[in-house]
Each structure stands twice: as C-alpha cells, then as structure tokens.
Amino acid sequence: MSASAFVIPAAPQPSLPVAGEAKSFPVRRIWCVGRNYLEHIRELGNDERQPPFFFAKHADMIVGEGATIAYPQLTKDFQHEVEMIVALKSGGMNITPDKALDHVYGYGVSIDLTRRDLQMASRKKEQPWEIGKSFDQSAPCGALRPATEIGHPAKGKIWLSVNGTEKQKGDLSEMIWNVPEIISKLSLQVSLGAGDIIMTGTPAGVAALQPGDKIECGIDGIGTLKVAIA
C-alpha cells in the first residue's frame, strides 16, 4: 500500500544488514528461546529439567553495529545475554526437524538485553516477561551471514566482553535444543514466516551493565557486534 493509504505515517521496515550485500534482510518478528544453555539455567536458579520456551520482542527494538543504547528506565539490574540469530527465508506450521534448515536464510550475532530485576519480579508473580525483555533498543543485532556462504553452524565459540573483560563464553554445541529442533518446536506454537528471526539462547556469565560500558561479542565463523551503553 502507498503512504497515502494510511491515516498516520507508516513505521519504517525494521531490517538487518547482510554481510557483503547492498540489500538488507527485512525483519517480521523476533522470537527468543529461553533456557537453552544448561549453565545459564543453573546460574539463574531455574529447573534444568524443564524444556526451553519461547517469548517475543518487537522488531522495532533492533539496533545495529556501533549503536549507543540508553540505559533503560525502571531497572537497577540491566544485563547482557549474547545469542546466535537464526534468520528465516520461509516458514509455515508443523515444520519437521529434518526440513527445518530448508527455511533458514542465515545467521548472526545478537544481544538479548534484559531488565533482570523486572523479569524476576514478573516470574515470581507468574506474570508475562515483557517488562523485563521487550523494551526500546533491547535487541542489538549484527550483520547476517547467509547459510549459502557459511553453512549451518552447530559448533563454535560464542562470547561477550565488557570493557575488554570476557564475561560470557560458551559453544554452540552446548545448546540443549539445536536449530532444527528450535524451528520445529516454535512452528507448533505459531506460523513462522519469511523475515522471522530467532534468538537461540545464551551461555552462562550474564552480568549487570552500567552507563559507559563498551560491549563486544561474537560467534566464531559468523561475526561480531559492538555496542555501548549511554
């Protein structure tokens, strides 16, 4: 539809850059996997016997490489969670694990920024997590690398440092659910589509951030991402 078809200006299309490409990847939805690395489950005191689950962020919460992120309101415990992104070129419902990778466009590096104190307070009250997970600038994302170029990474170091000190370190092979299983399970809950991205969980070492912090993170064979906290 043309801009003149709307009663207010239409919001811009959120997108991610693609390494080596002039065109970008349009983002439709952001899905996040909770509790997908065993050591992270243990450090937060959760039941490691429970399977991972899914929650969402809004696509317009994406910020890119080099962004300066405002320390958010309402929190005194603002934490980082480095994660691998899976970007989908197609989708559907009831996708079987053996067909799941056919829907993947590529992979990238992201940070699931979290207002941990608000998340934990919501959990204790058995309320939704949105206030702790879904807020402005809460989804820093790096450039995507197409699967046609790098394949489908199932192992490789995933790490995050703050002011030059490594805080998080793990390996993609440590994910409890792998990428085909994640896509398959999520497609039972919702119809996936082209432009959806999935944050696949974080390794142990999450910690609080402060204004002025410089964050660098990356995944071997995929890329890196740098942002700062204002």
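Just so you know, the residues in each chain are numbered from 1, in the order the chain's sequence is written. Thresholds applied to this predicted model are a pLDDT of at least 70 for local features of residues and 80 or more for the giving and counting of side-chain atom pairs; totals over whole chains, interfaces and linings are not thresholded and use all residues. Working from all heavy atoms in the structure, the side-chain values ignore hydrogens and water.

A.B. asks: I tried to follow helix 3 (residues 116–124) on my own but got confused; where do I start?
C.D. replies: Along an α-helix, a turn takes 3.6 residues, which lines up residues three or four apart on a common side. Classification of residues uses two cut-offs on accessible area relative to the type maximum, computed with a 1.4 Å probe and protein chains only: under 20% is buried, over 50% is exposed, and between them is partly exposed. Numbering goes from the N terminus for both helices and strands, where a helix is a DSSP run of H or I of at least four residues and a strand is a run of E of at least two. Among the residues of helix 3, R116, L118, Q119, M120 and S122 are the ones counted as buried. Downstream of helix 3 by a residue or two, E126 has a phi angle that is positive, lying close to 60°.

A.B. asks: Whenever I open this one, helix 6 (residues 179–189) confuses me. Can you help?
C.D. replies: Considered for burial, the residues of helix 6 that qualify are V179, P180, I182, I183, S184, L186 and S187. Between two residues, a contact is recorded if the distance between any of their heavy atoms is within 4.5 Å. Of the surrounding secondary structure, the elements contacted by the buried residues of helix 6 are strand 3 (30–34), strand 4 (53–57), strand 8 (82–88), helix 2 (97–100), strand 9 (104–111) and strand 15 (197–199). The distance from a side-chain oxygen at the start of helix 6 to the backbone nitrogen of E181 is 3.0 Å, and the residue carrying that oxygen is N178. For the purposes of these results, a polar contact is taken to be a pair of N or O atoms within 3.5 Å, where, inside protein, one atom must be able to donate a hydrogen and its partner to accept one; residues adjacent in sequence count only when each atom of the pair is a side-chain atom.

A.B. asks: Before we go on, may I ask you to explain the pattern of salt bridges in this structure?
C.D. replies: If charged atoms from side chains of opposite charge come close, those side chains can pair. We define a salt bridge as a contact between a side-chain nitrogen of Lys or Arg and a carboxyl oxygen of Asp or Glu at a distance within 4 Å. Overall, the coordinates contain seven salt bridges when judged by the stated rule. Here K133 makes a salt bridge to E81, at a shortest N to O gap of 3.2 Å. Residue K133 is located in helix 4 (residues 130–133), and its partner E81 is located in the loop between strand 7 (78–79) and strand 8; the two are separated by 52 residues in the primary sequence. The residues K133 and E81 share a single accessibility class, namely buried. A residue is classified by how much of its surface remains accessible, and K133, at 3% relative accessible area, is buried.

A.B. asks: Can you walk me through the sheet that holds strand 8 in this structure?
C.D. replies: The pairing of strands in a sheet happens through backbone hydrogen bonds and is either parallel or antiparallel. The strand order across the open sheet formed by six strands is 4-3-15-8-9-12, and the pairing between neighbours is mixed. Each end of this open sheet is capped by a strand with a single partner; those strands are strand 4 and strand 12 (145–146). A pair of strands counts as paired when DSSP detects no fewer than two bridges linking them. Bridge count between strand 3 and strand 4: five bridges; the pairing is antiparallel. Within strand 4, the residue paired with V33 across the bridge is F54.

A.B. asks: Help me out: how do you make sense of the packing of aromatic side chains in this one?
C.D. replies: Note on aromatic pairs: each is described by the distance of the centres and the angle between the planes. Aromatic pairs are defined between Phe, Tyr and Trp rings, using the six-membered ring for Trp, whenever the two ring centres lie within 6.5 Å; interplanar angles under 30 degrees are classed as stacked, those over 60 as edge-to-face, and all others as tilted. Tallied over the entire structure, the rule returns seven aromatic pairs. Centre to centre, the rings of F53 and F55 are 6.5 Å apart; their planes meet at 50°, and the pair counts as tilted. Taking 5.6 Å as the distance between ring centres and 55° as the angle between the ring planes, the aromatic pair formed by F55 and W129 counts as tilted. With a gap of 74 residues between them, F55 in strand 4 and W129 in the loop between helix 3 and helix 4 connect regions that are remote in the sequence. A residue is classified by how much of its surface remains accessible, and W129, at 15% relative accessible area, is buried.

A.B. asks: Any chance you could explain the nonpolar core here in plain terms?
C.D. replies: Think of a nonpolar core as a cluster: buried Ala, Val, Leu, Ile, Met, Phe, Trp, Tyr and Cys residues, connected wherever their side-chain atoms sit within 4.5 Å. Ranked by internal contacts, the top residues of the largest apolar core, which has 42 residues, are M84, V86, Y107, I111, I183, L192 and I198. Contributions of two or more residues to this core are made by strand 3, strand 8, strand 9, strand 13 (157–162), helix 6, strand 16 (214–219) and strand 17 (223–229). With 17 residues, the next largest nonpolar core counts V18, I30, W129 and C141 among its residues.

A.B. asks: Just checking my understanding: could you explain unusual backbone geometry for this structure?
C.D. replies: Glycine aside, a negative phi is what most residues show, and trans is what most peptide bonds show. Here the phi dihedral of L74 falls at roughly 80°; this positive angle occurs in a residue that is not glycine. Inspection of the secondary structure puts L74 in the loop between strand 6 (68–69) and strand 7. On the basis of relative accessible area, L74 is assigned to the exposed category, the value being 65%. Even without a glycine there, the phi angle at N94 is positive, about 55°. Counting through the fold element by element, N94 comes out in the loop between strand 8 and helix 2.

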